[in-house]
Amino acid sequence: MLTELLKLSLIDTELLRLSLMLTELLKLSLIDTELLKLSLILTELLKLSLMLTELLRLSLIDTELLKLSLIVTELLRLSLIDTELLKLSLMLTELVKLSLILTELLNLSLIATELLKLSLMLTELLKLSTILTALLTLSLRSTALHNLS
């Protein structure tokens, strides 16, 4: 019976050792489960990191679009300035046309002044002609009187 008890004790010891191994395996399994959870968390973090990278890329694109928008705004401002310059150029062209018209009017005024001078000379010539006619008339009367006498 002692041998039986010893055998049973050996079996019991083996069972205890196996139970301890099983406990260790369960601990390792729990650790493995925790590692899997951490791996899932890490995967989620990697996904978030990829999303953040994409957001940064989109932010860079947005920044470039803003730069282009500023360039377009500047081009529009320059276009407005160009339009104003064209308006001023048209006004200047009109002023040049008016200046040419004024020059022509001044030329016509000079011609009119010369015509007035000629008219005054003609008036003086007419006065002289009237005086000459009166003198000729007197001379003819004088000659006629002289011939009669």
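Our structure is the block above this text.
For the structure given in this document, a descriptive report is provided here. (Residues numbered from 1 in each chain as written. Predicted model: local features only at pLDDT ≥ 70, side-chain atom pairs only at ≥ 80, totals over all residues. Heavy atoms only, no water.)

Secondary structure assignment for the protein yields 1 helix and 0 strands. Expected size for 149 residues packed as a compact globule is a radius of gyration near 15 Å; at 63 Å, the protein overshoots this value by more than 25%. For the C-alpha atoms alone, the extent of the protein along its principal axes is close to 215 × 10 × 5 Å. Classification of the 149 residues of the protein by burial places 0% in the buried group. Surface summary for the protein: the accessible area is close to 14,100 Å², and the carbon and sulfur share equals 76%. Charge-centre separation for the protein: the mean point of 13 positive side chains lies 11 Å from the mean point of 17 negative side chains. (Helix = DSSP H or I, 4+ residues; strand = E, 2+ residues; numbered from the N terminus. Rg over C-alpha atoms; globule rule 2.2 N^0.38 Å. Buried < 20%, exposed > 50% of the residue type's maximum accessible area, 1.4 Å probe, protein only. Areas by Shrake-Rupley, 256 points an atom, 1.4 Å probe, with all protein chains shown as cover. Lys, Arg positive; Asp, Glu negative; His and termini not counted. Charge placed at Lys NZ, Arg CZ, Asp CG, Glu CD.)

Attention shifts here to the pattern of salt bridges. Per the counting criterion, the structure on display carries 11 salt bridges. Residue Glu-34 is joined to Lys-37 by a salt bridge in which the shortest nitrogen-to-oxygen separation is 3.5 Å. Of this pair, Glu-34 and Lys-37 are both found in helix H1 (residues 2-148), 3 residues apart, which corresponds to roughly one turn of the helix. Where Glu-94 meets Lys-97, a salt bridge forms, and the shortest distance between an N and an O atom there is 3.5 Å. Of this pair, Glu-94 and Lys-97 both sit in helix H1, 3 residues apart, which is roughly one turn of that helix. The exposure class assigned to Glu-94 is partly exposed, which follows from its relative accessible area of 43%. Lys-97 sits in the partly exposed class, given a relative accessible area of 45%. (Salt bridge = Lys/Arg side-chain N within 4 Å of Asp/Glu carboxyl O.)

So, on to the environment of Leu-95. Mapped onto the fold, Leu-95 is located in helix H1. On the basis of relative accessible area, Leu-95 is assigned to the exposed category, the value being 54%. Spatially, the C-alpha atoms of Leu-95 and Lys-37 are 86 Å apart, while their sequence positions differ by 58 residues.

Don't take any of this as a statement about function, it's just geometry.
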